[in-house]
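Examination of the molecular architecture
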Amino acid sequence: MRIPLVCIVSTALLLTSSCSRDKAPTTATPTAAPAAATTAAPPAAAAAKRPKEVLFSPEELQQMVAPIALYPDALLAQVLMAATYPSDVAEAAAWSKAHPEAKGDAAVKQVSDQPWDPSVQSLVAFPQVLYAAGNQAAWVQRLGDAFLAQPDDVMDAVQQLRQKAKANGTLDSNQYQKVTSQPRAAAPVQAAPAPSEPAVGGYESAPVAAAPLTETILIESSDPQTVYVPSYDPNTAYGAWSYPAYPPVYYPPPASYYPMGGALATGLMFGVGLAAADALWGDFDWNDNDIDIDVDRYNNINTNRQINRTQNTWNHNAANRDGVPYRDQYDRQNNSQRLAGADRRSEFRGEDAQRAQSREQARASMQQRGVQAPARSNQEARERAQAATSERDRTQARERAQTQARERAQSDRAQAAQADRARADRAQSASRDQARDRAQQQARASRDGAQNRSQAPQRHRQTQSNTQARAAARNQQQARQPSRSNAFEGASRPQQSRAYAERGQASRQSAQRQSPQRSSGQQRSSPQRQSSQRSGGQQRQGAGGRR
């Protein structure tokens, strides 16, 4: 009986061990994917559960994307994807600076062995883009964090700025780019967030104050095989900026990539064309607010990192983040790398319950004394720093506005005072002129009075002299005129007196002779009259001859 029992036990053990070996493959941990496999699509359910997290306000987002919003769609998509790997961007910028002759698809193939994300490798085709990104590490990290946490808001900010540039006359089709537009799809009606899943982050979900988006503006290269990277100053390309507290920043590119005489007339300057057809394997899906992957182009340029056709939507690969902390809570909890021994990190840092209690007591004491306690986490510290920066910017803007108002008021007062002084000067000048005129008149009157007084005796004497002269002249004249009743005039003129007497006698005689003739009706001529007439005529002739 012992032998069969032993056999039975042995058989049972063999069966048990056999079952264990059969089940082992189903419970083993799957092999980790290569670090460079960037576009592995996450489960749809996990992506759908990503909470809404607002890290940046609309003003900050427009300020952030202003330097790149007018890039071609494909290049802009590559920049946004690459920005989620800021450390890789910094290394790629350093490599591009060390290899200035590398550009286009050829440069991407040269860095195929680099441990960078493929989106970052694609950017080495555009050294002018990496030049600006390499010098602005903080801007790159903020841009990538914004695109991870708020992709819809980032893409809306891009469209808002493109509408501004188009309205300003900056954005238009030319030999370098093709600008088109299409009606914007109606945004799906989203249910209000459940109370258990509120929005997190440093800002509330404030509505965008800009004009509503009614169309989607697309920018493509005029030549599919050649890419022209535009350069522009955001301070002028978009016209009047709507957010003075968040002014756009201009990152001028190196002059070596933009020849003199570029197309500055339209507000954009285009550099030399780059043959980078395969490097741009991503493009925007503006309706769904994500980035589509051109699998063929991706596989052509990334020969050692092939993907299948189901991986046609971009997803962030946390394995290529290189330990750079995430700003948003979702990625920080789900994509942060858990290193071995991380559970004992607190012990290594010397953190224990007693020290934690002491810190809480110190925090409470500081709060009682009105001192702000230190931040409990890096996220809280960053949020405080952002709030302080925003408050500082608002304060500076308010101070600038107050300073400008004071300067305007001072200028107005100075102009008013100057005008008052000018009026007072004119009044004083007029008063002085009037006083001078009165003084001149008085002086003239005084001078004339003195002159008149001094000339009065002379004029009196002159008057007397004139009177005397006139009297003398009158006397002389009277003396020269003959007297009308001169009784002795006949004595001085005897001939004339005798003629007068003869004429009187002749007239008397004639009158005496005419009396009988007039009674007979005859008229006779007496010899006496004739003789008297002759004598009278002779006398008159004689008198006339004497005259």
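Now for helix 10 (residues 151-167). The end-to-end C-alpha separation of helix 10 is 25 Å, in line with the 24 Å expected for 17 residues at 1.5 Å each. Of the positions making up helix 10, those classed as buried are V154, M155, A157, V158, Q159, Q160, L161, R162, Q163, K164 and A165. Just beyond helix 10, the residue with positive phi is G169, at close to 80 degrees.

With phi around 55 degrees, N289 is a residue other than glycine that occupies positive phi space. The phi torsion at D322 lies on the positive side, around 60 degrees, for a residue other than glycine. Inspection of the secondary structure puts D322 in the loop between helix 12 (295-301) and helix 13 (329-334). Overall, D322 belongs to the partly exposed group, its relative accessible area being 45%.

All right, on to the pairing of strand 5 (residues 282-285) then. Relative to strand 6 (residues 290-293), strand 5 runs antiparallel, the two sharing four bridges. Across the sheet, D285 pairs through a bridge with D290, a residue of strand 6.

L75, V124, F126, L143 and Y238 are the most contacted members of the largest nonpolar core, which totals 86 residues. Ranked by residue count, the leading element in this core is helix 4 (residues 73-83), at nine residues. Among all residues touching V124, those that are not within four sequence positions of it are A92, W95, A102, K103, A107, V108, V111, W116 and L130.

Another point: the environment of A149. Within the secondary structure, A149 is located in helix 9 (residues 137-149). Given a relative accessible area of 8%, A149 falls into the buried group. In the structure, A149 is positioned 95 residues away from V54 in sequence and 7.0 Å away in space, judged by C-alpha atoms. Here A149 is in contact with R50, E53, L55 and D328, once residues within four sequence places are set aside.

This part takes up the environment of A167. By the element assignment, A167 lies in helix 10. The spacing of A167 and Y238 is 71 residues in sequence and 8.2 Å in space, taken between C-alpha atoms.

Let us look at the packing of aromatic side chains. Evaluation of the coordinates by the stated rule reveals eight aromatic pairs. Ring centres of W281 and Y298 lie 4.9 Å apart, and the angle between their planes is 85 degrees; on these two criteria the pair is classed as edge-to-face. Taken together, the positions of W281 in the loop between strand 4 (269-270) and strand 5 and Y298 in helix 12 put the pair 17 residues apart, joining distant regions of the chain. Comparing W281 with Y298, the two get one shared label, buried. Taken together, a centroid distance of 4.5 Å and an interplanar angle of 35 degrees make the contact between F284 and W286 tilted. The class for F284 is buried, based on a relative accessible area of 8%. Since its relative accessible area comes to 6%, W286 is described here as buried. Of the aromatic side chains, those joined through ring pairs into one cluster are Y232, Y238, W241 and Y243. A cation sits over an aromatic face here: K164 above W241, 5.2 Å from the ring centre. Between the NZ or CZ atom of R321 and the centre of the ring of Y326, over which it lies, the distance is 4.2 Å.

Here we come to the confidence of the model for the protein. Per-chain confidence: the protein averages 78 in pLDDT, with 74% of residues scoring 70 or above. By mean pLDDT, the top-scoring element of the protein is helix 4 (95), and the lowest-scoring one is helix 1 (residues 2-27) (40). Every residue in residues 1-37 is under pLDDT 50, and counting partners more than four places away or in other chains gives nine contacts. Low pLDDT (under 50) marks residues 535-547, which in the prediction has 11 contacts with non-local residues, meaning those over four places away or in another chain.

On to the pattern of salt bridges, then. Opposite charge on two side chains permits pairing when their charged atoms draw close. Enumeration according to the criterion identifies 12 salt bridges in this entry. Taking the shortest distance from any N to any O, the salt bridge between D145 and R321 comes out at 3.0 Å. You can see D145 sitting in helix 9 and its partner R321 sitting in the loop between helix 12 and helix 13, a full 176 residues away along the chain. Assessed through its relative accessible area of 2%, R321 is described here as buried. When the shortest N-O distance is used, the salt bridge between E380 and R384 registers 3.0 Å. Of this pair, E380 and R384 both sit in helix 16 (residues 378-480), four residues apart, which is roughly one turn of that helix.

The rules behind these values
Every residue gets a number counted from 1 within its own chain, in the order that chain's sequence is written. For a predicted model such as this one, the threshold for reporting local features is a pLDDT of at least 70, and the threshold for listing and counting side-chain atom pairs is 80 or more; totals across whole chains, interfaces and linings nevertheless cover every residue. Working from all heavy atoms in the structure, the side-chain values ignore hydrogens and water. Runs of E in the DSSP output that reach at least two residues are strands. Runs of H or I that reach at least four are helices, and both are numbered from the N terminus. Each residue after the first adds 1.5 Å to the expected span of a helix. Each residue's exposure class comes from its accessible area (1.4 Å probe, protein chains only) as a fraction of the maximum for that residue type: buried when under 20%, exposed when over 50%, partly exposed otherwise. Two strands qualify as a pair provided DSSP detects at least 2 bridges between them. Nine residue types can take part in a nonpolar core, namely buried Ala, Val, Leu, Ile, Met, Phe, Trp, Tyr and Cys, and a core is a set of them joined through side-chain atoms within 4.5 Å. We call two residues contacting when some pair of their heavy atoms lies within 4.5 Å. Here a Phe, Tyr or Trp ring, Trp counted by its six-membered ring, pairs with any other such ring whose centre lies within 6.5 Å, and the pair is stacked when the planes are under 30 degrees apart, edge-to-face when over 60, and tilted otherwise. Placement of a charge over a ring requires the Lys NZ or Arg CZ to be within 6 Å of the ring centre, with the centre-to-atom vector within 35 degrees of the ring normal. The quantity called pLDDT is the predictor's confidence in a given residue, expressed from 0 to 100. Here, a salt bridge means any side-chain nitrogen of Lys or Arg that lies within 4 Å of a carboxyl oxygen of Asp or Glu.

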